[in-house]
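# Remarks on the overall topology
Chain residues, written in single-letter form:
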Amino acid sequence: MDIDYVRSRFAKHFDGATGSVYASPGRINLIGEHTDYNGGFVFPGAVDKGIVAEIRPNGTDRVWCYSIDLKDWVDFGLNEEDAPRTSWAKYIFGVCCEMIKRGVDVKGFDTCFAGDVPLGAGMSSSAALESTYAFALNDLFGEGKIDKFELAKVGQATEHNYVGVNCGIMDQFASLFGKKGSLIRLDCRSLEYKYYPFDPKGYRLVLIDSVVKHELASSAYNKRRQSCENAVAVIQKKHPQVEFLRDVTMDMLKESKADISEEDYMRSEYVIEEIQRVLDVCDALEAGDYETVGQKMYETHQGMSKLYEVSCEELDFLNDLAFDCGVTGSRVMGGGFGGCTINLVKDELYETFIANAKEKYKAKFGRSPKVYDVIISDGARKLA
Ligand code: GLA
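Attention here is on the structure that accompanies the text. On a predicted model such as this, the values are computed, not experimentally measured, just so you know.

Our next topic: the sheet that holds strand S11 (residues 340-346). A sheet is described by the order of its strands in space; here four strands give the open sequence S10-S11-S9-S12, paired in antiparallel fashion. Both outer strands of the open sheet, strand S10 (329-332) and strand S12 (370-373), are each paired with one neighbouring strand and no more. Strand-to-strand twist across the sheet, computed as the mean angle between neighbouring axes with direction ignored, equals 20°. Pairing geometry for strand S9 (residues 203-209) and S11, over seven bridges, is antiparallel. The residue bridging Leu205 from the neighbouring strand is Leu344, located in S11. Helix H9 (residues 290-307) contacts S9, S10 and S11 of the sheet and is inclined by roughly 25° relative to S10.

Before going further, it helps to spend a moment on helix H3 (residues 125-141). Because an α-helix completes one turn every 3.6 residues, residues spaced three or four positions apart along the sequence face the same direction. Between the first and last C-alpha of H3 there are 24 Å, a value that for 17 residues agrees with the 24 Å anticipated at 1.5 Å per step. The element H3 is extensively covered by neighbouring structure, given that 14 of its 17 residues are classed as buried. One or two positions beyond H3, positive phi appears at Glu143, with a value near 50°.

What follows concerns the environment of Asp320. Secondary-structure assignment places Asp320 in helix H10 (residues 313-325). It is 9.5 Å that separates the C-alpha atoms of Asp320 and Arg331, two residues lying 11 residues apart in sequence.

Around the ligand, the surrounding shell consists of Arg27, Glu33, His34, Asp36, Tyr37, Cys167, Gly168, Met170, Asp171, Tyr221, Gly334 and Gly335. A distance of 2.6 Å separates an oxygen atom of the ligand from a polar atom in the side chain of Asp36. Within the contact set of the ligand, an oxygen atom lies 2.6 Å away from a side-chain nitrogen or oxygen of Tyr221. A total of 300 Å² of accessible area belongs to the ligand in isolation, and the protein chains cover 91% of it.

Conventions used here
- Residues numbered from 1 in each chain as written.
- Predicted model: local features only at pLDDT ≥ 70, side-chain atom pairs only at ≥ 80, totals over all residues.
- Heavy atoms only, no water.
- Pairing = 2+ DSSP bridges.
- Helix = DSSP H or I, 4+ residues; strand = E, 2+ residues; numbered from the N terminus.
- Axes fitted to C-alpha atoms, helices over the stretch in contact; angles between N-to-C directions.
- Contact = heavy atoms within 4.5 Å.
- Expected span 1.5 Å × (residues − 1).
- Buried < 20%, exposed > 50% of the residue type's maximum accessible area, 1.4 Å probe, protein only.
- Near = heavy atom within 4 Å.
- Polar contact = N/O pair within 3.5 Å; in protein donor to acceptor, adjacent residues only side chain to side chain.
- Areas by Shrake-Rupley, 256 points an atom, 1.4 Å probe, with all protein chains shown as cover.

Now the structure itself:
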């Protein structure tokens, strides 16, 4: 994330002016996928890639935004009916509106931003963008009075109300609460969280990007969430205390099998197992047992591919390839339908695995995957 580059673009496009500079990262998730909106556990960490934005209040009621990467200008007013049509600008507009709903007196500003989180790779470039602006507007117009959880909810509500993705809280949480060198286990029901220093001696975490973009997956994502809610509605008839799939055991699910569609049943089975896997991985990490961590990652991949059905041919191929190379753990990361696999690899296997993945993936699909080493980093912050 290059702050000088953003500063030079801001000065160029806004007549030599300077503003304040903020940054927020993308995220990885070691395990716990599609569990957040089911009240379960997730285990993410922030990465060293993210969004950097420079912002200066401009004394008007209009926002002027320049996307440095897309070389695109958008300006908008701050009323609900002023929503821009350009998709990237909806995130910034949504954050403004959600901050206003929370009592922040957002006024017009000039801004430009750039990022190095790959788009559509399952590393939450959109949460990085939302968190950057939520953090910045809170600082510039809200006297810092909105706490970080509420800022995460601002980003999530932006997705729900202005983008159309009914996401959970994981991505925005990780982008705001990230801490260098630590993963964070979040209980998405109570919002309790715990930092786990992550320094697996002898292993590395690496992402292999299938370069299949998942941008068009929002309706499939919302459908998965709906399936989970359908199952909960059925189970609640017998167990009124149930609020989320988090509260459901496999026995309770089986008991209602006749009243749940086959598809909703499969989805629920995956989620119930996945919530438990996060806890198992936390225990394994504390015991330094990376073999178990890796095995759970493979189980997650199977579940996401066969029960939750959010993998794709390319990601299954990368997962099989990792297994055949002897990689300790591998799975599709994030919402799915494209993007990256996350791989826990022994140091001595790293070079062979990467070379193999590049060569075999290219031979099969005609394009090279991208490789990102994971560096677990800090969350949202003011840079200048
Ligand atoms: C996307 C969503 C998150 C979460 C993941 C899947 O990244 O934004 O809330 O549901 O998918 O774990």
